[in-house]
Amino acid sequence: DTAVSQTPKYLVTQMGNDKSIKCEQNLGHDTMYWYKQDSKKFLKIMFSYNNKELIINETVPNRFSPKSPDKAHLNLHINSLELGDSAVYFCASSQDMAGGDTQYFGPGTRLTVL
Amino acid sequence: AQTVTQSQPEMSVQEAETVTLSCTYDTSESDYYLFWYKQPPSRQMILVIRQEAYKQQNATENRFSVNFQKAAKSFSLKISDSQLGDAAMYFCAYRQGGSEKLVFGKGTKLTVNP
């Protein structure tokens, strides 16, 4: 069974379009995250949610809107896509917000904006 | 702000040999956790090992071990008996106690030569 899954794995779209990436975890975790990995492989947190409540918003443009319908899902919607949004987006989850809790990552979604 | 530095963009090792990947971090906190993640070409982020700052004993997971030097703020990863499947990007990460945010280094690309 996949612990943290994301769909789609690949997404190619035109500038200006709106797209969504879905994430689901079956680990029973309370906290979920979105990370962005740029072309130089640098990983940076974007958002975190705990029990459907937004906890971290790391100065991400408001074109990016996360939505958590329940504890097991955290989706990422991106409006008016720009070339610079091309990256790999990772979803992750952890049991709670404690610092020592291990974060488990999904397989990533490679977004290419043309 | 906490930062994580991986000074070796690339490393290579012969199969069956030992290699050490460096990581230093900057923090004024005493409660924190350190992690090494592996990202093979499949893109999946896989936890390799974690270390609690309050523990003096170095963490070990099979062929993977760390050298945690708290005073020097150093957290290196040693891979013994390297295998071809160890070839990947390795990311060092820091997480402050009570914080959801995982701060990553820029990664080290490890090549394993047969």
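Since we're looking at a predicted model, the values are computed, not measured.

A. The overall build of chain A, seen in detail. Of regular secondary structure, chain A possesses zero helices and 11 strands. Starting at the N terminus and walking to the C terminus, you meet the elements of chain A as β-β-β-β-β-β-β-β-β-β-β. Computed over its C-alpha atoms, the radius of gyration of chain A comes to 13 Å, within 12% of the 13 Å expected for a compact globule of 114 residues. In terms of its C-alpha atoms, chain A occupies a principal-axis envelope of roughly 40 × 30 × 30 Å. A sequence separation of at least 24 residues applies to 55% of the contacts in chain A between residues at least 6 apart. Accessible surface, chain A: about 5,400 Å² in total, of which carbon and sulfur atoms supply 49%. The distance from the centre of the 12 positive side-chain charges to the centre of the 12 negative ones in chain A is 8 Å.

B. Examining the packing of aromatic side chains more closely. As enumerated under the stated definition, the model contains 15 aromatic pairs over all chains in all. Ring centres of Y35(A) and F105(A) lie 5.3 Å apart, and the angle between their planes is 45°; this geometry places the pair in the tilted category. On the criterion of sequence distance, the pair formed by Y35(A) in strand β4 (residues 31-37) and F105(A) in strand β10 (residues 104-105) is long-range, its members being 70 residues apart. Pair check on accessibility: Y35(A) and F105(A) agree, each one buried. For the pair W36(B) and F75(B), a centre-to-centre distance of 6.3 Å together with 20° between the ring planes defines the contact as stacked. Here the residue W36(B) occupies a position in strand β5 (residues 32-39), and F75(B) occupies one in strand β9 (residues 74-79), the gap between them amounting to 39 residues. In terms of burial, W36(B) and F75(B) fall into one category: buried. A network of ring pairs unites the aromatic residues Y33(A), Y35(A), F90(A), F105(A), F35(B), Y37(B), F91(B) and F104(B) as a single cluster.

C. Quick peek at the side chain of Q51(B). Residue and element names in this part refer to chain B. Here Q51 lies in strand β6 (residues 46-52). For Q51, the side chain forms a polar contact with the main-chain oxygen of Q57, separated by 3.0 Å. For Q51, the residues in contact, after removing those within four places along its chain, are Y32, Y33, L34, Q57, N58, A59, V66, F68 and F75.

D. Representation of the interface of chain A and chain B within the structure. If you look at the interface, chain A gives 30 residues, while chain B gives 22 residues. The contact between chain A and chain B buries some 2,000 Å² in all, and 52% of this surface belongs to carbon and sulfur atoms. For the interface between chain A and chain B, the tally reads one salt bridge. For the salt bridge of E58(A) with K101(B), the shortest nitrogen-to-oxygen distance reads 3.1 Å. Summed over the shared surface of chain A and chain B, the number is 10 residue pairs in polar contact (both at pLDDT 80 or more).

E. Structural view of the pattern of salt bridges. Summed over all chains, the structure comprises seven salt bridges over all chains. Of the charged contacts in the structure, one is a salt bridge between E82(A) and R63(A), with a shortest N-O distance of 3.4 Å. Here the residue E82(A) occupies a position in the loop between β8 (73-78) and β9 (87-94), and R63(A) occupies one in the loop between β6 (53-57) and β7 (64-70), the gap between them amounting to 19 residues. By relative accessible area, which is 41% here, E82(A) ends up partly exposed. Given the relative accessible area of 13%, R63(A) is considered buried. The closest approach of N and O atoms between E52(B) and R50(B), which form a salt bridge, is 3.0 Å. A residue is classified by how much of its surface remains accessible, and E52(B), at 13% relative accessible area, is buried. Shared partners join several salt bridges into a network, and the residues in it are R63(A), E82(A) and D85(A).

About the cut-offs
Residues numbered from 1 in each chain as written. Chains lettered and ligands numbered in written order. Predicted model: local features only at pLDDT ≥ 70, side-chain atom pairs only at ≥ 80, totals over all residues. Heavy atoms only, no water. Helix = DSSP H or I, 4+ residues; strand = E, 2+ residues; numbered from the N terminus. Rg over C-alpha atoms; globule rule 2.2 N^0.38 Å. Contact = heavy atoms within 4.5 Å. Areas by Shrake-Rupley, 256 points an atom, 1.4 Å probe, with all protein chains shown as cover. Lys, Arg positive; Asp, Glu negative; His and termini not counted. Charge placed at Lys NZ, Arg CZ, Asp CG, Glu CD. Phe/Tyr/Trp six-rings, centres within 6.5 Å; stacked < 30°, edge-to-face > 60°. Buried < 20%, exposed > 50% of the residue type's maximum accessible area, 1.4 Å probe, protein only. Polar contact = N/O pair within 3.5 Å; in protein donor to acceptor, adjacent residues only side chain to side chain. Buried area = accessible area lost by both parts, 1.4 Å probe. Salt bridge = Lys/Arg side-chain N within 4 Å of Asp/Glu carboxyl O.

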